[in-house]
Amino acid sequence: MTSSPMHAAIGNERSEPAPVPIRIRVAIIGAGRGGSALLDGLHQIRTIEMVGIADRDPSAPGIKRAHELNVPVYDRVSDLIQNQGLHLVMDVTGDPAMEHMLRDQLPPGADILSGQASRLLWTLVQHEALLQAELLHAEKLAGIGSFAAGIAHDMNNPLQLILGLAENLAEETDLGAVHDQARDIIEAVKRTTAICRDLTSYSRRASLRQEAIIAVNGKLDEALKIARYAVALQDIEIRKRYQPDALVKGNPDELLHVFVNLITNAVQAMADKGTLTLETAVTADATRVRVSDTGCGIPPELLGRIFEPFFTTKPPGKGTGLGLYNIKSVIHHMNGTIAVESQVGRGSTFTLTFPHDSTAGERKPTP
Ligand SMILES: Nc1ncnc2c1ncn2[C@@H]1O[C@H](COP(=O)(O)OP(=O)(O)O)[C@@H](O)[C@H]1O
Ligand SMILES: [Mg+2]
């Protein structure tokens, strides 16, 4: 794209002038399930700065998550609470002795949230995570409704073929021809089974804590296969610029859903004609995924709104307005960012950036 495209970015790469927020500096004591859930929920909130999390057990779930999110980890509580300018310490150890210790040692000006209050907050955060997962699934199911025509078409072709072959077989006397036709029938059945398999795996609920190292190029190809049911791709030129071994860490089902959504949006914006470019790149600091289209583009005044829940410019049945909202939450959960560049009448590019985290050493390319 040429001359100054409009930008909007969500996450660390914001380019819109945002009101200067008061950052609340928060520390978490206890990295069990409660601490881990709090960390997960709070790190997504831009006005909160996670100063660190402390636990004696280096294998606690919250410690692992903190490493992924680049949140400092402490094994001694006293080291953590010595951080300058701490506003709030959340104690989820449930240990009354800890509360006393904190009251004695905490610098003036810092508040403590402990006991039932921190339990309540943890419960709320978990509840929100469940709602988020439900919303993701509901939006996916709503989208699958629009697949019906595509599936019917793709199932009908092999079924018609099977019918024709079976009619021939009923009168066929030559054994060699019978064998050939039987083989064709088997191939046609395999094609319909493959369609069913793609869709059942796509429509299943993303398991909540299924984290893996995902080969991005393969996921993009899988998404393209699924998106074919939702949108007509026959007149779309598809360009793939894949860098081998592009890997990210996250939930494979959720990432597939993200890619299907971005591709569907791109194709819908092109009104059945144009070029869809899928691109992956690995740099020293991050893995990047780009989905670009040569579609209608997004007017500057709407660019800041497209990630809002229920914001859609599509007629009922075509859009829910939840796609980009869900994408943003999945990407944030993966500690990534999403940014968009768009020019009306020329097209849009969505860029996902996944910084290599401190566990990047584990990202050995699969052979
Ligand atoms: N690639 C794109 N090109 C043009 N407009 C887009 C693109 N992707 C998203 N949009 C705009 O953002 C809105 C919100 O997208 P989304 O959250 O996926 O909801 P939906 O697709 O259900 O409308 C769309 O209605 C559309 O106006
Ligand atoms: Mg959409």
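Heads up: the structure comes first, above all this text.
Worth saying up front: this structure is predicted, and the values here are computed from it rather than measured.

1. A short note on the overall build of the chain
Across its full length, the chain carries 11 helices and 13 strands. Burial analysis of the chain (367 residues in total) assigns 44% to the buried set. Within the chain, contacts between residues separated by at least 24 positions form 72% of all contacts whose residues are at least 6 apart in sequence. For the chain, the exposed surface amounts to about 19,100 Å²; the carbon and sulfur share of it is 56%. Here the chain contributes 36 positively and 43 negatively charged side chains, and the mean placements of these two sets differ by 2 Å.

2. Side note on the pairing of strand 13 (residues 347-355)
Taken across its nine residues, strand 13 has eight buried, putting it largely inside the fold. Here eight bridges tie strand 11 (residues 286-293) to strand 13, and the two strands are oriented antiparallel to one another. Its bridge partner lying in strand 13, arginine 288 is registered against threonine 353. Counting the residues between successive antiparallel strands, the hairpin from strand 12 (residues 337-343) to strand 13 contains three residues, one of them, glycine 345, with a positive phi of roughly 85 degrees.

3. Points about the environment of alanine 133
Tracing the backbone shows alanine 133 in helix 5 (residues 115-145). When the C-alpha atoms of alanine 133 and serine 329 are compared, they prove to be 9.8 Å apart, with 196 residues separating the residues in sequence.

4. With respect to the packing of aromatic side chains
Enumeration over the complete set of coordinates arrives at two aromatic pairs. When the ring of phenylalanine 147 is compared with that of tyrosine 229, the centres are 6.5 Å apart and the planes differ by 35 degrees; the resulting orientation is tilted. With phenylalanine 147 in the loop between helix 5 and helix 6 (148-171) and tyrosine 229 in helix 8 (residues 216-230), the pair connects residues that are 82 residues apart, well separated along the chain. Residues phenylalanine 147 and tyrosine 229 agree in their burial class; the two are buried. Lying over the aromatic face of tyrosine 229, arginine 228 brings its terminal NZ or CZ to 5.7 Å of the ring centre.

5. A few points about the sheet that holds strand 3 (residues 48-54)
Read from one edge to the other, the open sheet built from five strands follows the order 4-3-2-5-6, with strand pairing classed as parallel. Each edge of the open sheet is held by one strand with a lone partner, namely strand 4 (73-74) and strand 6 (111-113). In this sheet, strand 5 (residues 88-91) lies alongside strand 2 (residues 24-29) in parallel orientation, the contact comprising four bridges. Each residue of the ladder has a partner; that of alanine 27, found in strand 5, is valine 89. Helix-sheet contacts for helix 1 (residues 33-42) involve strand 2, strand 3 and strand 5, and the interaxial angle to strand 3 is about 160 degrees.

Scoring rules and cut-offs
- Position numbers for residues count from 1 along each chain, tracking the sequence in the order it is written.
- Chain A is the first chain written and ligand 1 is the first ligand written, with later ones labelled in order.
- Given that this is a predicted model, residues contribute local features only at a pLDDT of at least 70 and side-chain atom pairs are listed and counted only at 80 or more, while totals for whole chains, interfaces and linings are drawn from all residues.
- Side-chain calculation: all heavy atoms of the structure are included, whereas hydrogens and water are not.
- Each helix corresponds to a stretch of at least 4 residues labelled H or I by DSSP, and each strand to a stretch of at least 2 residues labelled E; elements are numbered beginning at the N terminus.
- Buried residues are those whose accessible area, probed at 1.4 Å on protein chains only, stays under 20% of the maximum for their type, while exposed residues exceed 50% and partly exposed ones sit between those limits.
- In this description, contact between two residues means that some pair of their heavy atoms is separated by no more than 4.5 Å.
- Computed with a 1.4 Å probe, the accessible areas rest on the Shrake-Rupley method; for each residue, only the protein chains presented here act as cover.
- We treat Lys and Arg as the positive residues and Asp and Glu as the negative residues; His and chain ends play no part in the count.
- All charge positions are set by atom: Lys at NZ, Arg at CZ, Asp at CG, Glu at CD.
- The criterion for strand pairing is that DSSP finds at least two bridges linking the strands in question.
- Classification of ring pairs rests on two measures: the distance between centres of Phe, Tyr or Trp rings, Trp counted by its six-membered ring, which must be within 6.5 Å, and the angle between planes, read as stacked under 30 degrees, edge-to-face over 60 and tilted in between.
- A ring is scored as having a charge over it whenever the NZ atom of a lysine or the CZ atom of an arginine sits within 6 Å of its centre and within 35 degrees of its normal.
- To obtain each axis, a line is fitted to C-alpha atoms, and for helices this fit is confined to the stretch in contact; angles are then taken between N-to-C directions over 0 to 180 degrees.

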